[in-house]
2 protein chains.
Amino acid sequence: MQESVRIALDAMGGDNAPGEIVKGAVDAVKEKDSIHVILVGREEAIRSELSKYSYPEERVEIVNASEVITTEEAPVMAIRKKKDSSIVVGQGLVRKGEADAFVSAGSTGAILVGGQLVVGRLRGVERSPLATLIPTEKGVALLVDSGANVDARSSHLVQFARMGSIYMEHIIGIKQPRVAIVNVGVEEEKGNALVKETYPLLKACGDIHFTGSIEAREIPHGGADVIVAEGFTGNVILKLYEGTASALVSQVKKGLMSSFRSKLGALLIKPALKKTLKSFDATEYGGAPMLGLKGLVVKTHGNASAKEVKNTLFQCLTFKKQRIGDRMKELFSDENNQKG
Amino acid sequence: MQESVRIALDAMGGDNAPGEIVKGAVDAVKEKDSIHVILVGREEAIRSELSKYSYPEERVEIVNASEVITTEEAPVMAIRKKKDSSIVVGQGLVRKGEADAFVSAGSTGAILVGGQLVVGRLRGVERSPLATLIPTEKGVALLVDSGANVDARSSHLVQFARMGSIYMEHIIGIKQPRVAIVNVGVEEEKGNALVKETYPLLKACGDIHFTGSIEAREIPHGGADVIVAEGFTGNVILKLYEGTASALVSQVKKGLMSSFRSKLGALLIKPALKKTLKSFDATEYGGAPMLGLKGLVVKTHGNASAKEVKNTLFQCLTFKKQRIGDRMKELFSDENNQKG
């Protein structure tokens, strides 16, 4: 029997909700029989969007949630107060085992807080990091933590490295992924206090292929498969990646419009350029999962289009097929047993 | 009378020493009458390079230094042990007032340590940051600290902000430069412990135009003029800037070679593209000074060419003309008086 996945999808989250979110769900169930979507949010608004399409209705459910958490709200307060929000209700379905995964393009802060409070961490997991795939010259690398835990400690970073390694091996299919910690130099004595404390712990870790420090310069060149960083640094890396690429592209475009000769050239290179830039566009790689929770929680871009929502739903299927949740559980249950 | 500047130049530092360094010095003195260079390093090697050129000999001196500090050496140890190295001797000339500035393309670590130990900090300055100009869509921004002090404290960051503001106003000519602190979000409650502690201090600072937090995404778009960061984060930003730009450019070039059509287009756009990419190339902006020392110390790229060396020497002249050293001194002497 074919494996199937039940995904609670936040219909109210993100800049393009509910329109693009619902469309993404419809496209996903039409394309893959093994996907079952539970749209969570204001029922009326969802029904009105759904009425625009024909689709296999038996694989699209609606669960009503009357409230919406905005990106402006303080996350902890919002999760505590808005019990009937699409995020709390959707994550509750995962907690109760009624859904395998929760996907949202809504408030990152609220999704992260809800992941820890509503879904909960696996036993033995100290912090749950956000793991984001970033494009490199050689393919993709996993940035973990890309922003969930600022002021994380060395023991957290070691867990991020181990969980990230499992992700890259089983989801992306890289055998023995190279794990490196972000640092200001490659020599072992370099670094801030946190990195200096974490380095020997990673080196002593038997179940990962630790290759040492990586300077930020080497990340886009594909210098490692799993990039370990504390959440503040990771978030700076993720956002600067986006910012530099978009600024450079807009400068190049402006440059191309500067003369008749370059305008003509621009017409000729357009298809090739488009393809290249696409390979450097983070939105092509679906959402970012939180690792180490009792169920799957995936954050997609706030401006996610239907296509990105669909890709993120497909990603959840891969997670289920590859038994990522079970593998994480095993990783930490071995540890708990060893300790006990 | 025209203002002149005496610069001690490390002839032995960097990948292209002494050839490109000496050539840069020769080009600089030929181009500007007000520049006087003291080449510091192995006299024989320097003389042999100088013999290739004709130049105004009265404005080029040599001070012998028999040792060289390599980038592999631990900086503190190297500065302490190699008393006759080009870095220690050159910085000693600044300390003794025999030179206005010291310029080197050598070991960043050794230059930074020597700056603090040999040249020394101005009274009242707690840490001396490295201030690097980075290209943005709107021109340039000053990244301070770009790597001198990892694990810096909030009071250090406030000083970085104030010194950076003076730099941008008087060297780059931006009135009331916008000062922002690197953060994971723009809301005031966002951030790690350090940023949360620093934010209100910057806000209370009467002598800078503090605009709040800046997300890394906005840096390349020119979201602030002075980008304040602790040295670890600043170094990650600087290196990722370099890495993303170079990876993207190499991907674009590869893409352009993918078809006959795009190859033809590439020929047409080459001049425009080159010009654009040049504006995003950090090496165009000379070296990075350490701020808050008793004399000027400037670090140039390890792979600096003669042209970059020359630009950095010109930069020292601007520093002298704009009385940056005096202005920094006044900034902290006011403070010392207020405290006293």
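Residues numbered from 1 in each chain as written. Chains lettered and ligands numbered in written order. Predicted model: local features only at pLDDT ≥ 70, side-chain atom pairs only at ≥ 80, totals over all residues. Heavy atoms only, no water.

We now examine the overall build of chain A. In terms of regular secondary structure, chain A is built from eleven helices and eleven strands. For 340 residues, the compact-globule estimate of 2.2 N^0.38 gives 20 Å, and chain A sits close to it at 21 Å. On the principal axes, the C-alpha backbone points of chain A span a range of 75 × 60 × 45 Å. For chain A, the proportion of its 340 residues judged to be buried stands at 57%. Entry remark: accessible area of chain A is about 14,100 Å², with carbon and sulfur atoms responsible for 50%. Considering chain A, the positive charge centre built from 45 side chains and the negative charge centre built from 41 side chains are found 3 Å apart. (Helix = DSSP H or I, 4+ residues; strand = E, 2+ residues; numbered from the N terminus. Rg over C-alpha atoms; globule rule 2.2 N^0.38 Å. Buried < 20%, exposed > 50% of the residue type's maximum accessible area, 1.4 Å probe, protein only. Areas by Shrake-Rupley, 256 points an atom, 1.4 Å probe, with all protein chains shown as cover. Lys, Arg positive; Asp, Glu negative; His and termini not counted. Charge placed at Lys NZ, Arg CZ, Asp CG, Glu CD.)

Before going further, it helps to spend a moment on the relation of the copies chain A and chain B. After a rotation of 180° and a shift along the axis of 0.0 Å, chain A superposes on chain B with an RMSD of 0.0 Å. The operation mapping one copy onto its partner corresponds to a two-fold rotation axis. Residue A:G265, judged by its C-alpha, is the member of chain A lying nearest the rotation axis, at 2.0 Å. The residues that chain A uses at the interface reappear at the interface of chain B in 100% of cases, marking a shared surface. (Least-squares fit on C-alpha atoms with pLDDT ≥ 70 in both. Contact = heavy atoms within 4.5 Å.)

Further remarks concern the pattern of salt bridges. One pass over the structure, following the stated rule, counts 32 salt bridges over all chains. A salt bridge links B:K52 to B:E49, with the shortest nitrogen-to-oxygen separation between them at 2.9 Å. Taken together, the shared-partner salt bridges in this structure form one network comprising A:E215, A:R217, B:K239 and B:E242. (Salt bridge = Lys/Arg side-chain N within 4 Å of Asp/Glu carboxyl O.)

On to the side chain of A:T244. Along the chain, the position of A:T244 falls in helix α8 (residues 231-256). For A:T244, the residues in contact, after removing those within four places along its chain, are B:P220, B:Y241, B:T244 and B:A245.

Turning our attention to unusual backbone geometry. With omega at 15°, the peptide bond leading from A:V144 into A:D145 counts as cis. Unlike most non-glycine residues, A:Q176 shows phi in positive territory, near 45°. As for its placement among the helices and strands, A:Q176 is situated in the loop between α6 (154-172) and β7 (178-183). If you check the backbone angles, B:D151 has positive phi at about 60° while not being a glycine.

What follows deals with the sheet that holds strand β11 (residues 296-299) of chain B. All names here are of chain B. Strand order in the open sheet made by the six strands is β3-β2-β1-β4-β11-β10, with mixed pairing throughout. With one partner strand each, in any of the chains shown, β3 (60-64) and β10 (288-290) form the two edges of the open sheet. Strand after strand, the sheet turns through a mean of 25° between neighbouring axes, direction not considered. As judged from the four bridges shared by strand β4 (residues 101-104) and β11, these two strands associate in the parallel manner. (Pairing = 2+ DSSP bridges. Axes fitted to C-alpha atoms, helices over the stretch in contact; angles between N-to-C directions.)

With that out of the way, let us pick up the interface of chain A and chain B. Contacts between the two partners involve 54 residues from chain A, matched on the other side by 54 residues from chain B. Buried area between chain A and chain B, summed over both chains or domains, comes out near 4,900 Å², and the portion from carbon and sulfur atoms is 70%. Broken down residue by residue, the surface that chain A buries against chain B is led by A:F232, A:L240 and A:L248, which jointly contribute 14%. For the pair chain A and chain B, the interface holds four salt bridges. With a shortest N-O distance of 2.3 Å, A:E215 and B:K239 are connected by a salt bridge. Put simply, chain A and chain B have 14 residue pairs in polar contact (both at pLDDT 80 or more) between them. (Buried area = accessible area lost by both parts, 1.4 Å probe. Polar contact = N/O pair within 3.5 Å; in protein donor to acceptor, adjacent residues only side chain to side chain.)

Helix packing geometry: the angle between the two helix axes and the distance between the axes. Residues and elements named next belong to chain A. Relative orientation of the contacting elements helix α4 (residues 86-95) and helix α5 (residues 108-119) amounts to 40°, with a least axis distance of 10 Å. The angle between the axes of α4 and α5 places the two elements in the oblique class. For the crossing formed where α4 meets α5, the hand is right-handed. When α4 is examined against α5, the residues I87, V88, Q91, G92, V94 and R95 are found in contact with a partner set consisting of A110, I111, G114, G115, L117, V118 and V119. Broken down by class, the residue content of the contact of α4 with α5 amounts to eight nonpolar, four polar and one charged. (Parallel < 35°, antiparallel > 145°, perpendicular 65-115°, else oblique. Left-handed = near helix turned anticlockwise from the far one by under 90°. Nonpolar A, V, L, I, M, F, W, Y, C, P; charged D, E, K, R; others polar.)

The next subject is the packing of helix α6 (residues 154-172) of chain B against helix α7 (residues 193-203) of chain B. Residue and element names in this part refer to chain B. Following both chains from N to C, one finds α6 and α7 inclined at 50°, their axes separated by 9 Å at the closest point. Classed by the angle they form, the pair α6 and α7 counts as oblique. Crossing hand, α6 versus α7: right-handed. Residue-level contacts link S154, L157, V158 and A161 of α6 to L194, E197, T198, L201 and L202 of α7. Along the lines of polarity and charge, the residues of the contact of α6 with α7 split into six nonpolar, two polar and one charged.

Let us look at the packing of aromatic side chains. Counted under the stated rule, the structure contains four aromatic pairs over all chains. Ring geometry for B:Y199 against B:F210: centres 5.2 Å apart, planes inclined by 75°, an arrangement best described as edge-to-face. Here B:Y199, found in helix α7, pairs with B:F210, found in strand β8 (residues 209-215); they are eleven residues apart in sequence, far enough to count as distant. Accessibility classification places B:Y199 together with B:F210 in one group, the buried group. The ring centre of A:F314 lies 4.8 Å from the NZ or CZ of A:K32, which sits over that ring. (Phe/Tyr/Trp six-rings, centres within 6.5 Å; stacked < 30°, edge-to-face > 60°. Lys NZ or Arg CZ within 6 Å of the ring centre and 35° of its normal.)

This paragraph deals with helix α2 (residues 43-50) of chain B. Residue and element names in this part refer to chain B. Regarding α2, the residues found buried are I46, E49 and L50. All buried residues of α2 project into a common sector of 100° when viewed along the axis, lining one side. On its buried face, α2 is in contact with α1 (19-31), β2 (35-41) and β3. (Arc of directions from axis to C-beta.)

Residue and element names in this part refer to chain A. With respect to the helices, strands and loops of the structure, H36 is situated in strand β2 (residues 35-41). Exposure remark for H36: the relative accessible area of 16% places this residue in the buried category. Within the local environment of H36, its side chain forms a polar contact with the side chain of E61, the two groups lying 2.9 Å apart. Not counting residues within four places of it along the chain, the set of residues in contact with H36 comprises V5, R6, I7, E58, R59 and E61.

On to the environment of A:D151. Take A:D151: it is sitting in the loop between β6 (139-144) and α6. Overall, A:D151 belongs to the partly exposed group, its relative accessible area being 43%. The spatial distance from the C-alpha of A:D151 to the C-alpha of A:M290 is 17 Å, given a sequence separation of 139 residues. Residues contacting A:D151, with those up to four places away along its chain left out, are A:E230, B:N192 and B:A193.

By themselves, these are just geometric observations and shouldn't be taken as functional.
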